[in-house]
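Secondary and tertiary structure notes
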Amino acid sequence: MVNHQQICFITDINVGCMSIEMKALLKFKEGLTDHSDQLSSWVGEDCCKWRGVGCNSTTGRVGSLNLLNSYSEGTIHALEGEINPSLLDLKEIVYLDLSMNNFGSFKLPSFIGSLEKLKYLNLSGASFGGVIPANLGNLSNLLHLDLSNNVIESDLRWLSSLSSLQFLNLGGADLTKAAPYWLPIVNMLPSLLELHLRGCGLSILPPTLCRINFTSLSVLDLSASVANLDLSVNNLNGELPETLGSLTHLKNLVLSENSDIGGQLPRNLGMLCNLQSLKLSINKFTGEITDFTDRLSRCTNSSLEMLNLGYNSLTGNLPNSLGLLKNLRYLVLWYNSFQGTIPEYIGNLTSLKELYLENNKLGGVIPESFGQLSSLVAVDLSENTLEGVVTEAHFLKLQSLKEVSIQKASPNISLVFNINSKWIPPFKLRYLYLRSCQVGPKFPTWLRNQTELFVLGFVNARISDTVPDWFWQLDLLLDDLDFSNNQLSGRVPNSLRFSLWRITDLSGNQFVGAFPLWSSNISGLYLNDNAFSGPIPHNISEVMPLLQDVDISRNSFTGSIPLSIGNLSRLSTLVISNNHLSGEVPNFWSSLPEVYILDMSNNSLSGAMPTSMGFLSTLGFLILSNNKFSGQLPSLKNCTDMRSLDLGDNKFSGDIPSWIGESMLSLWILRLSSIHRKHSYTVVWPFQSSHIGPLTQ
């Protein structure tokens with residue numbers, strides 16, 4: 001494939017650039033806004049020494065202009081403005097790269113079609129708009145064309161003239177006008193090696209072919225050249241034809257995320273012995289994959305490194321022939337309906353780096369040969385029905401392992417980790433999440449050397465032990481910590497550190513002690529169903545200012561609601577029910593505009609509800625039952641999204657407010673029982689009772 005190094009020129013110190021070309025470049029510069037001085041070197045009379053300009057070492061003629069914006073900050077360093085046609089004076093230019101700049105939805109310059117010596121043109125991600133000019137078809141010497149990630153459209157009728165083209169990327173362009181005939185046009189490009197048409201709105205194949213689906217692909221003869229074919233994120237439909245097996249040069253085939261590609265994988269797809277990457281995810285493929293992998297495994301040396309068939313409806317057992325694909329590095333089969341067991345041959349894939357089998361119907365035991373996957377970095381076996389015992393033998397040679405996820409939504413446990421307490425793992429994990437797998441009853445001592453963890457989850461893991469001090473002293477910088485639904489005990493120190501906007505869940509255990517105050521980066525805090533006690537810290541908003549979701553229900557917290565909670569401006573969920581809180585509710589709700597769930601039930605809170613609660617326009621659930629609130633309710637007519645309103649077992653007085661019926665049209669649950677009232681309950685509902693769910697009296 002052509003690249004900048006191949007056609008860039010080196011300037012001889014004795015040869016300066018031509019005056020007319022220098023002036024052309026300066027005029028081009030005048031039309032641009034250069035926020036970060038990318039063109040600050042464009043001074044002096046020798047333009048061959050300017051940044052991004054390459055000249056012929058003999059003639060001094062400008063041969064290349066490479067102003068790719070390579071900065072990760074994107075538009076901060078991007079050139080802006082309009083491209084001046086003065087570039088037409090660069091008669092010998094063969095390489096032009098203006099990608100990743102910001103040309104403000106200006107149309108692709110039609111004059112570029114007159115730069116007839118161009119071999120490389122990259123205008124990708126440069127914010128161009130409009131129709132691709134048809135005179136690009138004049139660039140008969142063009143080898144590489146990348147116009148991807150712009151807001152452009154085309155009927156592609158100009159494309160067939162690019163007889164030298166090897167690489168084409170029009171990803172993101174609107175090609176719906178070309179939908180009936182795009183394949184025949186592409187087929188007219190005799191030198192094409194790589195084709196990317198991701199997200200181009202293609203939906204149908206040419207009506208001149210025998211059938212409007214992939215079976216018509218046999219009419220096309222791409223086998224002589226194409227090595228990379230990317231038609232992902234379109235609306236293609238039909239079944240893949242057996243004739244795909246004739247594309248013997250194909251190295252990368254990407255058909256992911258189309259609307260209705262389905263049927264069984266063609267057996268002849270296994271004839272593509274040069275195939276390195278096959279991505280067919282998020283489609284409607286059905287049936288087994290055995291015929292395909294059996295044929296592929298017969299290749300003298302299969303090149304396949306990536307196989308992604310995720311998010312389809314594939315069935316059957318995992319075929320033994322997969323174990324013969326020795327170069328396989330990425331195997332992605334999640335979200336299908338594969339059944340049977342994980343076969344023993346899996347241990348043959350010693351080059352495998354990532355294995356994703358999540359959400360299938362696999363059962364049985366995990367074979368000990370799993371421990372032979374010496375290159376494995378990440379594995380996800382979640383949402384299957386695996387059973388049996390996992391020992392240190394399953395991790396014997398996994399020195400590269402970084403990520404492990406075995407989770408099951410069902411609380412039923414069938415997979416047991418029985419690891420010797422003296423075992424030292426050969427790996428350093430970053431991500432470990434085990435849900436509904438038995439890890440206990442003891443806290444796993446093999447975590448002692450796992451000092452690189454940033455996500456750790458033991459959920460419903462039957463651990464009934466005190467968390468040892470050595471764990472709290474690992475000094476981890478965590479993204480997420482989830483120990484929920486065990487019987488863990490002990491005190492939780494304030495020393496835990498978290499990355500920005502992170503979550504910790506210690507719910508459903510037997511932790512004791514004071515409210516733990518952790519990193520200022522915490523956004524989700526779940527301490528419910530424990531034995532924490534003492535007051536809610538008065539400085540909670542100072543220590544953890546980013547809190548969005550807080551659930552500390554069913555503990556033994558005492559005292560009043562601290563005023564500093566009113567400073568948690570991002571707060572969305574506050575559940576403090578089933579504690580021993582007392583006193584009045586502070587009048588700070590106008591500073592909490594995003595609260596959606598507020599549950600203060602089953603405490604000893606008293607006094608009138610503050611008027612500022614009327615500012616909670618996003619409130620969907622308000623549960624105040626079983627307290628000692630009194631007086632009249634403040635107006636909540638702005639709470640038009642209310643789904644559940646529970647005021648029962650308090651001492652409110654007055655009539656039932658009319659705004660309940662006038663404003664809360666989405667209400668499902670309304671509980672008013674045991675309200676002390678001065679007047680009758682009579683109220684005229686301005687809507688039918690179908691607007692409300694069950695009423696609890």
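In this text the structure is predicted, and so the values were computed from the model without any measurement.

1. A short note on the sheet that holds strand E23 (residues 361-364)
- The three strands are arranged E21-E23-E25 in an open sheet whose pairing can be described as parallel. With partners counted over all chains shown, the strands left at the sheet margins are strand E21 (339-341) and strand E25 (385-386), one partner each.
- Pairing geometry for E21 and E23, over three bridges, is parallel. Note on E23: the bridge partner recorded for Gly 340 is Leu 362.

2. Considering the state of the cysteines
- In this structure the tally under the stated criterion is three disulfides.
- Each sulfur in the disulfide pair Cys 273 and Cys 299 lies 2.0 Å from the other. When the S-S torsion is -80 degrees, as for the bridge of Cys 273 with Cys 299, the disulfide is left-handed. Here Cys 273 is found in the loop between strand E15 (260-263) and strand E16 (277-279), whereas its partner Cys 299 is found in the loop between helix H4 (290-297) and strand E18 (306-308), with 26 residues between them in sequence.
- The class of Cys 273 is partly exposed, set by a relative accessible area of 29%.
- For Cys 299, a relative accessible area of 9% corresponds to the buried category.
- Each bonded cysteine in the protein gets a number by its place in the sequence, and the pairs come out as 1-2, 3-4, 5-6.

3. Side note on the pairing of strand E34 (residues 510-513)
- Of the two faces of E34, the one holding Phe 511 and Gly 513 is buried and the one holding Gln 510 and Val 512 is not buried anywhere.
- Where strand E32 (residues 489-491) and E34 come together, three bridges link them in parallel fashion. Note that in E34 the partner of Arg 491 across the bridge is Val 512.

4. Observations concerning the packing of aromatic side chains
- A full pass over the atoms with the stated rule returns 27 aromatic pairs.
- Judged by centre distance (6.4 Å) and plane angle (5 degrees), the ring pair of Phe 532 and Phe 557 falls under stacked. Of the two residues, Phe 532 sits in strand E36 (residues 531-535) while Phe 557 sits in strand E38 (residues 556-559), which places them 25 residues apart along the sequence.
- For Phe 532, a relative accessible area of 0% gives the class buried.
- When its relative accessible area of 0% is taken as the criterion, Phe 557 is described as buried.
- Of the aromatic side chains, those joined through ring pairs into one cluster are Phe 443, Phe 458, Trp 470, Phe 471, Trp 472 and Phe 483.

5. Quick look at the environment of Leu 170
- Relative to the helices and strands, Leu 170 resides in the loop between strand E10 (167-169) and helix H3 (182-187).
- Here the alpha-carbon distance between Leu 170 and Tyr 433, two residues 263 residues apart in the chain, equals 40 Å.
- Once residues within four sequence positions are removed from consideration, Leu 170 is found in contact with Ile 132, Leu 147, Ser 148, Leu 156, Leu 175, His 196, Leu 197 and Cys 200.

6. A closer look at the pattern of salt bridges
- Throughout the structure, instances matching the rule amount to 13 salt bridges.
- For Asp 155, the salt bridge identified is with Arg 157, shortest N-O distance 3.9 Å.
- Residue Arg 157 is classed as exposed on the basis of its relative accessible area of 55%.
- For Arg 554, the salt bridge goes to Asp 529, with nearest N and O atoms at 2.7 Å. Of this pair, Arg 554 sits in the loop between strand E37 (549-551) and E38 while Asp 529 sits in the loop between strand E35 (522-526) and E36, placing them 25 residues apart in sequence.
- Residues joined in a network through salt bridges with shared partners are Asp 646, Asp 649 and Arg 671.

7. Notes on H4
- Listed in full, the buried residues belonging to H4 are Phe 292, Thr 293, Arg 295, Leu 296 and Ser 297.
- Residues of H4 that are buried make contact with E16 and E18.

8. Some remarks on the confidence of the model for the protein
- Per-residue pLDDT for the protein averages 89, and the proportion of residues at 70 or more is 90%.
- Overall, residues 205-224 carries pLDDT values under 50, and its contacts beyond four positions in sequence, including any with other chains, amount to 49 contacts.
- Confidence drops under a pLDDT of 50 for residues 675-697, and excluding neighbours within four residues, the segment shows 47 contacts in the predicted structure.

9. With respect to the sheet that holds E38
- In space, the eight strands of this open sheet follow the order E32-E34-E36-E38-E40-E42-E44-E46, with parallel pairing throughout. Across the chains shown, the open sheet's two edge strands, defined by having one partner strand only, are E32 and strand E46 (651-652).

10. Quick notes on the pairing of strand E27 (residues 403-406)
- Inspection of the sheet shows strand E24 (residues 378-380) paired to E27 by three bridges, in the parallel sense. Residue pairing across strands places Ala 378 opposite Glu 403, the latter belonging to E27.
- Pairing of E27 with strand E29 (residues 431-435), which is carried by four bridges, proceeds in the parallel orientation. Bridge assignment links Ser 405 to a residue of E29, and that residue is Tyr 433.

11. Here we look at the side chain of Asn 460
- Mapped onto the secondary structure, Asn 460 falls in the loop between strand E30 (455-459) and helix H5 (469-472).
- Among the polar contacts listed, one links the side chain of Asn 460 to the backbone oxygen of Pro 411, at a separation of 3.1 Å.
- Apart from residues no more than four positions distant in its own chain, Asn 460 is found in contact with Pro 411, Ile 413, Ser 436, Cys 437, Ser 484, Asn 485 and Asn 486.

12. Examining unusual backbone geometry
- Between Gly 440 and the following residue, Pro 441, the backbone shows a cis peptide bond with an omega angle of 15 degrees.
- Even without being a glycine, Asn 359 presents a positive backbone phi close to 55 degrees.
- Assignment of secondary structure puts Asn 359 in the loop between strand E22 (354-356) and E23.
- One non-glycine residue, Arg 462, lies in the positive phi region at around 55 degrees.
- Examined against the element boundaries, Arg 462 turns out to sit in the loop between E30 and H5.
- For Arg 462, a relative accessible area of 47% puts it in the partly exposed group.

Cut-offs used in this document
- Residues numbered from 1 in each chain as written.
- Predicted model: local features only at pLDDT ≥ 70, side-chain atom pairs only at ≥ 80, totals over all residues.
- Heavy atoms only, no water.
- Pairing = 2+ DSSP bridges.
- Helix = DSSP H or I, 4+ residues; strand = E, 2+ residues; numbered from the N terminus.
- Disulfide = S-S within 2.5 Å.
- Buried < 20%, exposed > 50% of the residue type's maximum accessible area, 1.4 Å probe, protein only.
- Phe/Tyr/Trp six-rings, centres within 6.5 Å; stacked < 30°, edge-to-face > 60°.
- Contact = heavy atoms within 4.5 Å.
- Salt bridge = Lys/Arg side-chain N within 4 Å of Asp/Glu carboxyl O.
- pLDDT = per-residue confidence, 0-100.
- Polar contact = N/O pair within 3.5 Å; in protein donor to acceptor, adjacent residues only side chain to side chain.

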